Amino acid sequence: MPTTINIWVNQKEQQYIAPLTLLGLLQQINKAEKTGIAIAVNNSVIPKIKWQDLDLKDQDKVTIITATQGG
C-alpha cells in the first residue's frame, strides 16, 4: 500500500504519494516547465538546481511565486 503525505501548496493542503521530490510535485501540478517562478519550502527559497533532489516530507509548506509583468 503506498504511503501518502500531505503537502501544503500555496496554503491549500493536498495529498500525494511518497516519496516525492519538489520537481515531482511541480510536474504533477503542471508547473515544472513554467518560467519566472520561485519556490520556497517552509519559508526557505530553493534554487531551481536543487528541485530534483529535495525530498518533500509530510506537512511541508510549498509556496510558488509567479513573476508578473507590470508597468
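Residues numbered from 1 in each chain as written. Predicted model: local features only at pLDDT ≥ 70, side-chain atom pairs only at ≥ 80, totals over all residues. Heavy atoms only, no water.

Novice: Explain the overall build of the protein here, please?
Specialist: Counting secondary structure elements, the protein contains 1 helix and 5 strands. Ordering the α and β elements of the protein from the N terminus gives β-β-α-β-β-β. By the compact-globule yardstick of 11 Å for 71 residues, the protein fits well, its C-alpha radius of gyration being 12 Å. If you line up the protein on its principal axes, its C-alpha atoms span 50 × 25 × 20 Å. The 71 residues of the protein split such that 28% are buried. (Helix = DSSP H or I, 4+ residues; strand = E, 2+ residues; numbered from the N terminus. Rg over C-alpha atoms; globule rule 2.2 N^0.38 Å. Buried < 20%, exposed > 50% of the residue type's maximum accessible area, 1.4 Å probe, protein only.)

Novice: Help me understand unusual backbone geometry in this model?
Specialist: Note on backbone geometry: most residues besides glycine have negative phi, and most peptide bonds are trans. With an omega of 0 degrees, the peptide bond between Ala18 and Pro19 qualifies as cis. Mapped onto the fold, Pro19 is located in the loop between β2 (12–17) and α1 (22–28). Even without a glycine there, the phi angle at Gln11 is positive, about 70 degrees. Structurally, Gln11 can be placed in the loop between β1 (4–9) and β2. Residue classification places Gln11 among the exposed residues on the basis of a relative accessible area of 75%. Phi is positive for Asn42, which is not a glycine, with a value near 50 degrees. Mapped onto the secondary structure, Asn42 falls in the loop between β3 (37–41) and β4 (44–45).

Novice: Help me understand the nonpolar core, please; the structure alone is not making it clear to me.
Specialist: Considering soluble globular proteins, one finds that nonpolar side chains tend to be buried as a cluster. Counting 17 residues, the largest nonpolar core has Ile7, Leu22, Leu25, Ile39 and Val62 as its most contacted members. Within the residue set of this core, elements represented by two or more residues are β1, α1, β3 and β5 (61–66). Once residues within four sequence positions are removed from consideration, Leu25 is found in contact with Ile7, Val9, Tyr16, Leu20, Leu56 and Val62. (Core = buried A, V, L, I, M, F, W, Y, C linked by side-chain atoms within 4.5 Å. Contact = heavy atoms within 4.5 Å.)

Novice: Is there a simple way to explain the environment of Val45 in this structure?
Specialist: By the element assignment, Val45 lies in strand β4. Separated by 18 residues in the primary sequence, Val45 and Thr63 have C-alpha atoms spaced 8.9 Å apart. In this view, Val45 contacts Ile39 and Ala40; residues no more than four positions away in its chain are not counted.

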